[in-house]
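Structural characterization, general
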Amino acid sequence: MYEETFKTRYHEMNPQGKIPVWVLQNYFQEAAGIDAHNLSYGWEELSANGVAWILTKVQIKLLKPVSGAQKIKVKTWHCYSDKIQSRRDFILFNENGEHIAKGVSWWLIMDLSKRKITRSPQSLIDLNDKNPAPIMEASMEKAPRENELGREINSFDVTARLEDLDSNNHVNNSHFSAWAVQSAPQEVSDAKNLEEIIIHYKAEVRLGDKLTVSAHEAGQNAFWHIIKRPADGRDIAAIYTKWG
């Protein structure tokens, strides 16, 4: 298990003075990257071999809102790896030691030149704990098909910018959360707290890609947010949010 402490910054706050989920994701991602490096599977080691970690799904439960400037502690650990995917769990605490968020994430290793998924190295699988300690039960709910979506209630277009890209030369995963929250009805996002977000990543987004983000009803104060690339009709991500 690895621990890292981050200090929230004023420019990270939203108009309500809260730290949004995509900022918390960035804290988790930073801690995860350091821990992966400590295990010899960080960006430095993988990029030297022409491969990279690719996030395929993340599920986050928001337990307590985070407001104002304060210190946030992240604990994260490699839960297990199989022949194809790896699971990494995490939990976040505010400066009073209260749990503010917890989640699970699933990762694949991609060959950057072929843009194809590779098998997990045996040395990575050998890192598995005999008694893994998952932070919570993972949601098995699949992203809905287009004909299964509820009524569309909002949509907007967005273009991938240079500042959205990460070291893998594609849009970083945290931007998908920001786009999903932006597509939620403002009367919900302004008055309620995000309680859960589940993100299914389906395809990369590169510089200049033009996307459409839409929100669909999925129950009381719950929505599916669909990100598509009209140029090729590709589904980029499906994101579930629940507010309370």
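Above this text you will find the structure in question.
Owing to the predicted nature of the structure, the values given are computational and were not obtained by experimental measurement. (Residues numbered from 1 in each chain as written. Predicted model: local features only at pLDDT ≥ 70, side-chain atom pairs only at ≥ 80, totals over all residues. Heavy atoms only, no water.)

Let's talk about unusual backbone geometry
Not every positive phi belongs to a glycine, and N169 is a case in point at roughly 65 degrees. Tracing the chain through its elements places N169 in the loop between β7 (152-159) and α4 (174-183). With phi around 55 degrees, N221 is a residue other than glycine that occupies positive phi space. Relative to the elements of secondary structure, N221 occurs in the loop between β9 (210-217) and β10 (222-229). (Helix = DSSP H or I, 4+ residues; strand = E, 2+ residues; numbered from the N terminus.)

Considering α4
Buried residues dominate α4, accounting for 8 of its 10 residues. Three or more residues of α4 are buried, namely S174, F176, S177, A178, W179, A180, V181 and S183. (Buried < 20%, exposed > 50% of the residue type's maximum accessible area, 1.4 Å probe, protein only.)

A short note on the environment of F28
Tracing the chain through its elements places F28 in helix α1 (residues 21-38). With a relative accessible area of 5%, F28 lands in the buried category. Residues F28 and T76 lie 48 residues apart in sequence; the distance between their C-alpha atoms is 7.5 Å. Look past the residues within four positions of F28 in its chain and what remains in contact with it is V74, T76, R88, F90, S105 and W107. (Contact = heavy atoms within 4.5 Å.)

With respect to α1
The end-to-end C-alpha distance of α1, which contains 18 residues, comes to 26 Å, matching closely the 26 Å that a straight helix rising 1.5 Å per residue would cover. Within two residues after α1, S40 carries a phi angle of roughly 70 degrees, on the positive side. (Expected span 1.5 Å × (residues − 1).)

Let's talk about the pairing of strand β8 (residues 194-201)
Taking burial as the measure, the 8 residues of β8 include 7 buried ones, the bulk of the element. Bridge count for strand β2 (residues 51-62) against β8 is 5 bridges, and the pairing is antiparallel. Within β8, the position partnered with K61 by the bridge is E196. Sheet topology places β8 next to strand β11 (residues 234-243); 7 bridges connect them, and they run antiparallel. Bridged to I197 within β11 is T241. (Pairing = 2+ DSSP bridges.)

What to know about the pairing of β2
With 11 of its 12 residues buried, β2 lies for the most part within the structure. In this sheet, strand β5 (residues 99-111) lies alongside β2 in antiparallel orientation, the contact comprising 11 bridges. Bridge pairing in β5 links K61 to K102.

Side note on the pattern of salt bridges
Evaluation of the coordinates by the stated rule reveals 13 salt bridges. With its nearest N and O atoms 3.8 Å apart, the salt bridge here joins K73 to E3. One end of the pair, K73, is in strand β3 (residues 71-81); the other, E3, is in strand β1 (residues 2-7), and 70 residues separate them in sequence. Given the relative accessible area of 33%, K73 is considered partly exposed. With relative accessibility at 39%, the residue E3 sits in the partly exposed group. Taken together, the shared-partner salt bridges in this structure form one network comprising E3, K73 and K75. (Salt bridge = Lys/Arg side-chain N within 4 Å of Asp/Glu carboxyl O.)

From the geometry alone we can't say anything about function, so treat these as descriptive.
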